[in-house]
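Report on the structure
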Amino acid sequence: MDLVYRPRRLRRSAPIRGLVRETELSPRQLIYPMFVTEGKAVREHIDTMPGQFRLSTDELVRECEELYSLGIGGVNLFGYSIEKDDLASKSYDSAGLVQRAVRAIKKAVPELCVQTDVALDPYTTHGHDGLVMNGKIVNDESVEVLCKMALSHAEAGADWIAPSDMMDGRVGAIRNALDVQGFSDVGILAYSAKYASCFYGPFRGALQSAPKSGDKKTYQMDPANTREALREISLDLDEGADVVMIKPALTYLDVIARVRDTFDVPVAAYNVSGEYAMVVAAAEKGWLDRDRAMMEMLLSIRRAGADMILTYFAKDAAAYLRADYGSYT
Ligand code: PBG
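It should be emphasised that the depicted structure is a prediction, and the values quoted were computed from it without experimental measurement.

Our next topic: the environment of Ala 241. Mapped onto the elements of the fold, Ala 241 is located in the loop between α7 (227-238) and β10 (243-247). Taking C-alpha positions, Ala 241 is 6.5 Å from Val 171, a pair spaced 70 residues apart along the chain.

Following this line, the structure appears as structure tokens:
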């Protein structure tokens, strides 16, 4: 055969493939979502997310030290609150679970980027991300509570506030609240395009935070929409978001790519609990190679255009990259 172009020439060996590789995955791009619980020396296995745990603060700190030594960029904290009420009053308690955890982590590993989730669902009896009044999830009243929650996290030392609630106008309100109180250095990682997805199921199991009635479709986005995602992102940027997020990641790679092309800001993607659980379950059955599935998934999210990835695989991927750098494809 008389071929001018033989693409296989560039696939002949691992070093040649390495030289022409277009996308890099590094531990510094990974953020590990973690669940904080009360107590001491507690490591509660999360049944819906095999290999993940609810950790008491002391255990959490130990884990963060390890994550930092692996080169992981940040952690994103969720509180497993058993004290729930209709108004989410524990969410902004300065001596609350997450607030104490942030203080402890910042003391032990000051450089690790500590991010905190801001939404009311783990703290409300009804399990919605905002307040419920007369059967409706109300917006502006919810934003007031979210601002108090964000402030309490900033006071504890959080580097980034991560509002995941999808209420309108919360990024601007939180930015303003932080600035007024002198926290202009604290960043906002906005869950800007967060879809109403079934892939959050295992996470809701982990926090016992599933909504008791109704669903989240009046605030989270319709999976059918892309233009709306771009609009949400430009609104959040106008309101002062530092980093924008698309969530989930794998079923929205096209959205990540569009956002990457359209905006010149750092883009995050959340490789959510259901995406983690699918791989882990299939690997347990022997149907998938866990490590290879993990690396291929994370690489696809980077290739689509995400700068950083929130993933329950963060630690495993960092360890894998360290042990076997360069041969992950
Ligand atoms: C709640 C929140 C959810 C996740 C992050 N923050 C669940 C939801 O919106 O119901 C999902 C994370 C995951 O599935 O890994 N504000």
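Here the narrative resumes.
Moving on to the site of the ligand. Residues in contact with the ligand amount to 18 residues; listed here are only the nearest, Lys 194, Arg 204, Lys 247, Ser 273 and Tyr 312. Contact distances for the ligand include 2.7 Å between an oxygen atom and a side-chain N or O atom of Lys 194. Within the side chain of Gln 220, an N or O atom sits 2.8 Å from an oxygen atom of the ligand. In the complex, 100% of the free accessible area of the ligand, which totals 400 Å², lies under the protein chains.

Under the counting rule described, the total for this entry stands at 17 salt bridges. Between Lys 90 and Asp 93 there is a salt bridge; the shortest N-O distance is 3.1 Å. Across the pair Asp 179 and Arg 175 runs a salt bridge, and its minimum N-O distance is 2.9 Å. With Asp 179 and Arg 175 both in helix α5 (residues 170-180) and four residues apart, this pair spans about one turn of that helix. Exposure remark for Arg 175: the relative accessible area of 12% places this residue in the buried category. If you follow the salt bridges from partner to partner, you end up with Arg 43, Glu 59, Arg 62, Glu 63, Glu 66 and Lys 315 in one network.

Turning next to helix α9 (residues 273-284). Its twelve residues place the ends of α9 16 Å apart at the C-alpha level, agreeing with the 16 Å of an ideal helix rising 1.5 Å per residue. For α9, the buried fraction is high: nine of the twelve residues fall into the buried class. Those residues of α9 that fall on the buried side of the exposure criterion are Ser 273, Gly 274, Glu 275, Tyr 276, Ala 277, Val 279, Val 280, Ala 282 and Ala 283. Backbone geometry just downstream of α9 places Gly 286 in the positive-phi region, at approximately 80°.

Next up on the list: a nonpolar patch on the surface. Among the surface-exposed residues, Leu 10, Leu 19 and Val 20 lie close enough to one another that they form a single nonpolar patch of about 310 Å² accessible area. Its location among the elements puts Leu 19 in helix α1 (residues 14-20). With a relative accessible area of 74%, Leu 19 lands in the exposed category.

Here we take up the pairing of strand β11 (residues 267-271). The buried fraction of β11 amounts to five of the five residues, a majority that puts the element mostly inside the structure. Neither face of β11 is exposed, since Val 267, Ala 269 and Asn 271 on one face and Ala 268 and Tyr 270 on the opposite face are all buried. Note on the crossover from β10 through helix α8 (residues 253-262) to β11: the handedness is right-handed. As defined by bridge partners, β11 adjoins strand β12 (residues 308-311) across four bridges and the pair is classed as parallel. From the neighbouring strand, Asn 271 faces β12, where its bridge partner is Thr 311.

Moving on, we get to the nonpolar core. The biggest cluster of nonpolar side chains holds 107 residues, and the ones touching the most others in it are Met 34, Phe 35, Val 75, Leu 77, Ile 105, Ile 246 and Val 259. Considering every element that reaches this core, the biggest residue donor is helix α4 (residues 140-156), with nine residues. Beyond its immediate stretch of four places on either side in the chain, Val 75 contacts Ile 31, Tyr 32, Met 34, Cys 64, Leu 67, Leu 112, Cys 113, Val 114 and Gln 115.

Right, let's get into the side chain of Gln 99. Within the secondary structure, Gln 99 sits in helix α3 (residues 97-108). Excluding residues within four positions of it along the chain, Gln 99 makes contact with Ser 91, Tyr 92, Asp 93, Ser 94, Ser 152, His 153 and Ala 156.

Quick look at the packing of α9 against helix α10 (residues 290-304) now. Where α9 contacts α10, the two axes come as close as 9 Å, and the packing angle between them is 155°. Here α9 is positioned roughly antiparallel relative to α10, judged by the angle of their axes. With respect to the hand of their crossing, α9 and α10 are arranged in right-handed fashion. Every residue of α10 that contacts α9 at Glu 275, Tyr 276, Val 279, Val 280 and Ala 283 is listed here: Arg 290, Ala 293 and Met 297.

In this section: the environment of Leu 151. By the secondary structure assignment, Leu 151 is in helix α4. A relative accessible area of 17% means that Leu 151 is categorised as buried. For the pair formed by Leu 151 and Gly 187, sequence separation is 36 residues and the distance between their alpha carbons is 12 Å. In this structure, Leu 151 is in contact with Ala 177, Leu 178, Gln 181 and Phe 183, ignoring residues within four places of it in sequence.

The geometry of an aromatic ring pair is captured by two quantities: the separation of the ring centres and the angle between the planes. Scanning the model with the defined rule gives nine aromatic pairs in all. Ring centres of Tyr 276 and Phe 313 lie 4.8 Å apart, and the angle between their planes is 55°; on these two criteria the pair is classed as tilted. Here Tyr 276 is found in helix α9, whereas its partner Phe 313 is found in the loop between β12 and α11 (314-323), with 37 residues between them in sequence. For the residue pair Tyr 276 and Phe 313, the accessibility class agrees, reading buried in each case. Grouped by ring-pair contacts, the aromatic residues Phe 35, Phe 78, Tyr 191, Phe 203, Tyr 270, Tyr 276, Tyr 312 and Phe 313 constitute a single cluster. The ring of Tyr 92 carries the charged tip of Lys 148 above its face, separated from the ring centre by 4.3 Å.

Reading guide: rules and limits
Residues numbered from 1 in each chain as written. Predicted model: local features only at pLDDT ≥ 70, side-chain atom pairs only at ≥ 80, totals over all residues. Heavy atoms only, no water. Helix = DSSP H or I, 4+ residues; strand = E, 2+ residues; numbered from the N terminus. Near = heavy atom within 4 Å. Polar contact = N/O pair within 3.5 Å; in protein donor to acceptor, adjacent residues only side chain to side chain. Areas by Shrake-Rupley, 256 points an atom, 1.4 Å probe, with all protein chains shown as cover. Salt bridge = Lys/Arg side-chain N within 4 Å of Asp/Glu carboxyl O. Buried < 20%, exposed > 50% of the residue type's maximum accessible area, 1.4 Å probe, protein only. Expected span 1.5 Å × (residues − 1). Patch = residues over 30% accessible without salt bridge, like charges linked within 9 Å, V, L, I, M, F, W, Y side chains within 5 Å. Right-handed = clockwise from strand over helix to strand, strands pointing away. Pairing = 2+ DSSP bridges. Core = buried A, V, L, I, M, F, W, Y, C linked by side-chain atoms within 4.5 Å. Contact = heavy atoms within 4.5 Å. Axes fitted to C-alpha atoms, helices over the stretch in contact; angles between N-to-C directions. Parallel < 35°, antiparallel > 145°, perpendicular 65-115°, else oblique. Left-handed = near helix turned anticlockwise from the far one by under 90°. Phe/Tyr/Trp six-rings, centres within 6.5 Å; stacked < 30°, edge-to-face > 60°. Lys NZ or Arg CZ within 6 Å of the ring centre and 35° of its normal.

The values are spatial; any link to function lies outside them.
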